[in-house]
Amino acid sequence: MDLMKPKPDAGWRHDREEATLSDVYRSVETAKGGSVLRRVAAFAGPGYLVAVGYMDPGNWATSLAGGSKFGYALLTVALLSNIMAVVLQALCARLAIATGRDLAQACRDAFPSFVSVPLWAMAEIAIIATDIAEVVGTAIGLNLVFGLPLELGVLVTAFDVFLILFLQRLGFRWVEALIITLLGVIAFCFGIQVFLADPNWGDVIKGFFPTTEIVRNPDMLYLALGILGATVMPHNLYLHSGIVQTRAFGHTLSEKKEALTYATLDSTIALTFALLINASILILAGAAFHAHGHTDVVELAQAESLLAPLLGLAIAPTLFGIALLCCGLNSTVTATLAGQIVMEGFLRLKVKPWLRRLVTRGLAITPAGVVTIWYGDSGTADLLILTQVVLSLQLSFAVFPLVMFTADKTKMGALVAPRWLSTVAYIIAIVIALLNVKLILDAFQGIH
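Computed from a predicted model, the values in this text were never measured in an experiment.

Enquirer: Would you mind going over the overall build of the chain with me for this structure?
Expert: Helices and strands together make up the secondary structure of the chain, namely 21 helices and zero strands. Expressed as a percentage of its 448 residues, the buried residues of the chain come to 58%. A total of about 17,900 Å² of accessible surface is found on the chain, and carbon and sulfur atoms cover 69% of it.

Below, the structure written as structure tokens:
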């Protein structure tokens, strides 16, 4: 026995336990001894599941509203949010690879129950908010592509659990393959639509540069926070720290460092792809709506009805609907996995995936169904944006523990985050918290 080897669980109160998502834990081989390209390919996948959360239907609502009202001005928010996401998701991979724990397990170990239980509750609220956005988005997508009434579409989304169970039985690589395929369809649909919209690319580039108006204008800040909530999502932090462990990497320090390099590369490339999709939504809204005087487009169905006359091609609304439906299906898979990780990690409670999915989906369908039936399209638009602001308000409660753990050498050992990275991460956490405080103050003052 190597006496110089540190205790695996040094810095933690309890020994490491069984991994969440135990049925797929270390189930994907990492091509040990293979070429660099094969190693990169072996680790590719989890980042794209995480990227799904950065382009879910709730993001569409905030991006469409922001683009139609303010043109390309909020592109800088999408860019900054994506940079934050790259940093935070890299920390998630670092936590998982260094400690063998996901973020939920780490929180339960590090904090007393009167702290960890509220953190669990807030994580569940975030997942329900995400689920509401998926239910509404998928229902609208079904309506746009197949003409299915919104109310019926909301109910149909309850059956997505069978798709997820089927894919998980086939193997985790099949789940990743579905996600990446649907992402490709989304990119294709938006590529055509942006080409047809023919935006002023000079103005688009200017939109990526920050302006103080975003903070000074309460309406712009509200939508900016919605974009932030739709981009850096709380459940993604739990999700990534869990699914990184589907890879069968080695246990030595050098093998862990190699795994961290490939996992970080995977998430960074995937999130760059997500930025392109998010920017495309905002650019499409700016070019197709704001530039033509339609500054109040906040409903997904309203956006679809305007695309054909504005872009001059009948297929444009269909492409929009197909992309939206793909987004809803993708987000369904990732929210289910995140829900399992959160419940198992915080509570040590193993619930059958189909049962957990039906419960959380039921909690999401109820408000979505009531709003859809009672208020129609306008109500669903407001609900989508509200879910994204709720997600933004939950962010700090996942971000601060993540940054604290990865900066703690006693917990992380040799893979502790470099000081510069921890400093950047703390700045990101503080910025998110301050923006949320301002949002709450504005709300109390009756601005929204």
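Enquirer: Hey, could you run me through the nonpolar core in this one?
Expert: A general feature of soluble globular proteins is that nonpolar side chains tend to end up buried together. Core analysis: the biggest nonpolar cluster contains 126 residues, and W60, L74, Y238 and F289 have the highest contact counts within it. Among all residues touching F289, those that are not within four sequence positions of it are L64, S68, L284, H294, V297, A303, L306, L307 and L310.

Enquirer: In this structure, what is going on with helix α16 (residues 315–347)? I would like to understand it.
Expert: Along an α-helix, a turn takes 3.6 residues, which lines up residues three or four apart on a common side. Over its 33 residues, α16 extends 48 Å from the first C-alpha to the last, a length consistent with the 48 Å expected when each residue adds 1.5 Å. Counted residue by residue, α16 has 28 buried out of 33 residues, so it is predominantly covered. In the segment just after α16, R348 is the residue with positive phi, at about 55°.

Enquirer: I keep staring at the packing of helix α13 (residues 234–243) against α16 and nothing clicks. Help me out?
Expert: Two packed helices can be described by the angle between their axes and the distance between those axes. Remark: α13 packs on α16, axes separated minimally by 9 Å, with the N-to-C direction vectors making an angle of 80°. When the axes of α13 and α16 are compared, the pair comes out roughly perpendicular. Facing α13, whose interface residues are H235, Y238, L239, G242 and I243, α16 presents T334, A335, L337, A338, I341, V342 and F346. Grouping the constituent residues of the contact of α13 with α16 by class yields nine nonpolar, three polar and no charged.

Enquirer: Sorry, what's going on with the pattern of salt bridges here?
Expert: Pairing is possible between side chains of opposite charge, provided their charged atoms come close. In total, this model carries seven salt bridges according to the counting rule given. As a salt-bridge pair, E17 and R108 come within 2.5 Å of each other at their nearest N and O atoms. Of this pair, E17 sits in the segment before α1 (36–43) while R108 sits in helix α5 (residues 103–110), and the two are 91 residues apart along the sequence. Overall, E17 belongs to the partly exposed group, its relative accessible area being 29%. Judged by relative accessible area, which is 13%, R108 ranks as buried. For R173, the salt bridge goes to E176, with nearest N and O atoms at 2.9 Å. Here R173 pairs with E176, and both are found in helix α9 (residues 172–197), just three residues apart, close to one helical turn. Given the relative accessible area of 36%, R173 is considered partly exposed. A cluster of three or more residues bridged by salt bridges with shared partners is formed by E17, R108 and R348.

About the cut-offs
Residues numbered from 1 in each chain as written. Predicted model: local features only at pLDDT ≥ 70, side-chain atom pairs only at ≥ 80, totals over all residues. Heavy atoms only, no water. Helix = DSSP H or I, 4+ residues; strand = E, 2+ residues; numbered from the N terminus. Buried < 20%, exposed > 50% of the residue type's maximum accessible area, 1.4 Å probe, protein only. Areas by Shrake-Rupley, 256 points an atom, 1.4 Å probe, with all protein chains shown as cover. Core = buried A, V, L, I, M, F, W, Y, C linked by side-chain atoms within 4.5 Å. Contact = heavy atoms within 4.5 Å. Expected span 1.5 Å × (residues − 1). Axes fitted to C-alpha atoms, helices over the stretch in contact; angles between N-to-C directions. Parallel < 35°, antiparallel > 145°, perpendicular 65-115°, else oblique. Nonpolar A, V, L, I, M, F, W, Y, C, P; charged D, E, K, R; others polar. Salt bridge = Lys/Arg side-chain N within 4 Å of Asp/Glu carboxyl O.

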